[in-house]
Amino acid sequence: MLTITVSSLSGGQGKTTTALFLGRLLSRQGFTTLMLDSDPQHNLTTYLGFELSPNQPTLLEFLKKTVAPEDCIYPTQDNDNLFLIPADDQLDTVQDYLSNSGVGATLLKRRLSAISQIFQVCIIDAPPQRSQICLTVIGAADFLIIPAEASVKGYGSLVRTLDLLSGLRDVGATNASILGVLPFRDRWFGNTQAQESRAAVDGMRDEVGEKLVLPSIRESERYKQAINKRTTLSQLGYTDLEYPFEILIDKIRTDIGSK
Ligand code: ATP
Ligand code: MG
């Protein structure tokens, strides 16, 4: 199983949007895919159509190992290849558990190893804060996707995320490498890119190098339409907007092949 965490250390950077469309496309292209919602705001869980009752197991029980791992994994209505370990707002209570465990950064990786034969890809939607949950989801990752708004705020989010990643690598708390930086809400007017967007994306290229900056997610209501209708962009007739995810899937296919 290839584990990919979508992380960016500010709110509203496109983490959940990226995780959702990537997981949906991967599974529709035949990859057995596990999505993992690690944000107590649980937007990914909601976008996938889940309304859990308080006694249903979630990522909280998966981490604490209070039920069998399989009981925390739910099939989705999206398609037969797509599964979810959901979250609810109770997930916040796991922060103390992780910090008291002494092995917080490696705990999720250990838990996922029990189910790594079942799935080809695991996509993790990370929370925006630099919390214990954030550390354990980066600790579990083989690869990181860092979405960042094409703006001054987004550039700052990228820099903070890169700082955290290098700090964690330095102490051996993660082996994750960067799969790509994904500019989010890139604004274009016809063939002209907005000045702020261009400056931010140029800054991202300077930080990580040209090759790691993916084609942008453009500013568009169409992504929200696809989220609300629980469908893909191509099914709504916007195949061109799916291009960043197709490039990501090509990279993932190569990495699965070489693993
Ligand atoms: P959080 O840190 O709160 O978890 P996030 O990084 O997961 O946020 P998203 O929830 O994916 O960010 O996106 C932020 C907002 O942008 C959402 O309301 C989403 O519907 C909206 N959005 C998604 N795609 C686009 C787009 N292409 N253009 C404009 N807005 C978009
Ligand atoms: Mg989110």
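Quick caveat: nothing in here was measured; it's all calculated off a predicted structure.

1. Thoughts on the environment of Pro215
(1) Moving on: Position of Pro215 relative to the elements: it lies in the loop between helix H8 (195-208) and strand E10 (217-218).
(2) Moving on: Once the C-alpha coordinates of Pro215 and Glu246 are considered, the two residues, 31 residues apart in sequence, prove to be 10.0 Å apart.

2. Thoughts on the UniProt feature "domain: AAA" (unreviewed entry) in the protein
(1) Moving on: The UniProt entry lists residues 3-165 under the feature "domain: AAA" (unreviewed entry), expressed in the numbering used here.
(2) Moving on: In residues 3-165, the share of helix is 40% and the share of strand is 17%. The end C-alpha atoms are 16 Å apart.

3. Quick notes on the nonpolar core
(1) Moving on: In this structure, Ile4, Leu22, Ile123 and Phe245 are the most contacted members of the largest nonpolar core, which totals 36 residues.
(2) Moving on: Every element with two or more residues in this core is listed here: strand E1 (2-6), helix H1 (15-28), strand E4 (82-85), strand E5 (121-125), strand E6 (143-149), strand E7 (177-186), helix H9 (221-228) and helix H10 (243-258).
(3) Moving on: Broken down by element, this core gets its largest block of residues, six residues, from H1.
(4) Moving on: Apart from the residues within four sequence positions on either side, Ile4 is in contact with Val121, Cys122, Ile123, Ile124, Phe143, Ile145, Leu179 and Ile252.

4. What to know about the side chain of Ser151
(1) Moving on: Summarising the element assignment, Ser151 is placed in the loop between E6 and helix H7 (152-170).
(2) Moving on: Here Ser151 falls in the buried class, since its relative accessible area comes to 8%.
(3) Moving on: A distance of 3.1 Å separates a polar side-chain atom of Ser151 from the backbone nitrogen of Gly154.
(4) Moving on: Look past the residues within four positions of Ser151 in its chain and what remains in contact with it is Glu196 and Ala200.

5. Brief notes about the site of ligand 1
(1) Moving on: Gln13, Lys15, Thr16, Thr17 and Arg218 are the nearest of the 19 residues found near ligand 1.
(2) Moving on: Within the side chain of Thr17, one N or O atom sits 2.5 Å away from an oxygen atom of ligand 1.
(3) Moving on: Within the complex, the protein chains bury 87% of what would otherwise be the 640 Å² of accessible surface of ligand 1.
(4) Moving on: When residues in the shell around ligand 1 are grouped by element, the largest group, three residues, is from H1.
(5) Moving on: For the shell around ligand 1, a count of residues per class yields four nonpolar, nine polar and six charged.

6. Quick look at the pairing of E6
Strand residues, when the strand is regular, have side chains that alternate between the two faces of the sheet.
(1) Moving on: Burial of E6 is extensive: seven of the seven residues sit out of reach of the surface.
(2) Moving on: On E6, burial covers both faces: Phe143, Ile145, Pro147 and Glu149 on one face and Leu144, Ile146 and Ala148 on the other are all buried.
(3) Moving on: Both E1 and E6 contribute to a ladder of three bridges, which runs parallel. If you follow Thr5 over to E6, its bridge partner there is Leu144.
(4) Moving on: As paired elements, E6 and E7 share seven bridges and run parallel to each other. Pairing of Ala148 across the sheet is with Pro183, part of E7.
(5) Moving on: Handedness of the E6-H7-E7 crossover: right-handed.

The rules we used
- Residues numbered from 1 in each chain as written.
- Chains lettered and ligands numbered in written order.
- Predicted model: local features only at pLDDT ≥ 70, side-chain atom pairs only at ≥ 80, totals over all residues.
- Heavy atoms only, no water.
- Helix = DSSP H or I, 4+ residues; strand = E, 2+ residues; numbered from the N terminus.
- UniProt positions renumbered as here; feature names shortened; annotations may be inferred.
- Core = buried A, V, L, I, M, F, W, Y, C linked by side-chain atoms within 4.5 Å.
- Buried < 20%, exposed > 50% of the residue type's maximum accessible area, 1.4 Å probe, protein only.
- Contact = heavy atoms within 4.5 Å.
- Polar contact = N/O pair within 3.5 Å; in protein donor to acceptor, adjacent residues only side chain to side chain.
- Near = heavy atom within 4 Å.
- Areas by Shrake-Rupley, 256 points an atom, 1.4 Å probe, with all protein chains shown as cover.
- Nonpolar A, V, L, I, M, F, W, Y, C, P; charged D, E, K, R; others polar.
- Pairing = 2+ DSSP bridges.
- Right-handed = clockwise from strand over helix to strand, strands pointing away.

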